[in-house]
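Structural description and commentary
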Amino acid sequence: MNLTEVTKKFATPEACNDFIETMRWPDGVVCPACESKRVTKYQTQEGTRNRVNSKTGKNEVKTVPARILYVCLDCELKFSVTTGTLFNDTHLELEKWFMAVALMVNAKKGLSALQMKRDLKVSVQNRVVLESSHPRSDGRSESETARWDGRSR
Ligand SMILES: [Zn+2]
């Protein structure tokens, strides 16, 4: 897959979400809290939220992007595809993660952190996380699944 293809494939948050969903839950979505499989998926609309800026003390309107969420029908937990994963700990948009993964997969001699930063405006720190968590293109193994969950076994 070249970068253009990746860009097309993961152009929307929905596409990224679907991809991670299959990576994370190959046998169907499982609730991270009670492991129930009775889970429904829904999408929130983009909205706005009023919040007080802690630095300036002023009210500001923040845009909340549309999100794809899951609800467990057994314990009522609401979660997203990245809940409890490395993705959840970063403030990087999913689309950018996929660009980064594509760049690394395609770079023959590896990619310098500087180049990565230039191409994606991603910090070097984020890249380190990426390197330990990006999926392989040739299918997944148990240990990879574990890495996607942010744990090692
Ligand atoms: Zn549950």
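Keep in mind that this is a model prediction, so the values were computed, not measured.

1. Here we look at the overall build of the protein chain
Regarding its fold elements, the protein chain presents six helices and five strands. In sequence order, the protein chain lays out its α and β elements as α-α-β-β-β-β-β-α-α-α-α. The buried share of the protein chain, reckoned over its 153 residues, is 14%. Put simply, of all contacts in the protein chain between residues at least 6 apart along the chain, 58% involve residues at least 24 apart.

2. Remarks on unusual backbone geometry
Phi is positive for E35, close to 60°, though the residue is something other than glycine. Inspection of the secondary structure assignment puts E35 in the loop between α2 (13–24) and β1 (39–43). In this structure, E76 takes a positive phi of about 65° despite not being glycine. Relative to the elements of secondary structure, E76 occurs in the loop between β4 (68–72) and β5 (78–80).

3. Some details on the sheet that holds β4
Taken in spatial order, the three strands make up an open sheet running β1-β4-β5, and their pairing is antiparallel. Pairing within the sheet leaves two strands with one partner each, and these edge strands are β1 and β5. Across the sheet, the mean angle separating the axes of adjacent strands is 35° when strand polarity is ignored. Relative to β5, β4 runs antiparallel, the two sharing three bridges. Bridged to Y70 within β5 is F79.

4. Thoughts on the environment of T4
Mapping T4 onto the fold places it in helix α1 (residues 3–9). A C-alpha to C-alpha distance of 9.4 Å links T4 and M99, two positions 95 residues apart in sequence.

5. A look at α2
Between its first and last C-alpha atoms α2 spans 16 Å; for twelve residues at 1.5 Å apiece the expected length is 16 Å, and the two agree. Within α2 the residues assigned to the buried category are C16, N17, I20 and R24. The arc that holds every buried residue of α2, seen down its axis, measures 100°, which confines them to one face.

6. Regarding the environment of D27
Along the polypeptide, D27 turns up in the loop between α2 and β1. For D27, a count of 7 C-beta atoms within 10 Å translates into the label exposed. Here the alpha-carbon distance between D27 and K37, two residues ten residues apart in the chain, equals 9.5 Å.

7. Some points on the environment of E60
Along the chain, the position of E60 falls in strand β3 (residues 59–64). Overall, E60 belongs to the exposed group, with 10 C-beta atoms counted inside 10 Å. Once the C-alpha coordinates of E60 and T48 are considered, the two residues, twelve residues apart in sequence, prove to be 9.9 Å apart. In contact with E60, other than residues within four places in its own chain, are R51 and N53.

8. Quick notes on the confidence of the model for the protein chain
Summary statistics for the protein chain give a mean pLDDT of 72 and a share of 56% for residues scoring 70 or more. Here residues 127–134 is modelled with pLDDT under 50, and outside its nearest four sequence neighbours on either side it reaches 13 contacts, counting other chains as well.

What counts and what doesn't
- Residues numbered from 1 in each chain as written.
- Predicted model: local features only at pLDDT ≥ 70, side-chain atom pairs only at ≥ 80, totals over all residues.
- Helix = DSSP H or I, 4+ residues; strand = E, 2+ residues; numbered from the N terminus.
- Buried ≥ 20, exposed ≤ 12 C-beta atoms within 10 Å, placed from the backbone.
- Contact = placed C-beta atoms within 7 Å.
- Pairing = 2+ DSSP bridges.
- Axes fitted to C-alpha atoms, helices over the stretch in contact; angles between N-to-C directions.
- Expected span 1.5 Å × (residues − 1).
- Arc of directions from axis to C-beta.
- pLDDT = per-residue confidence, 0-100.

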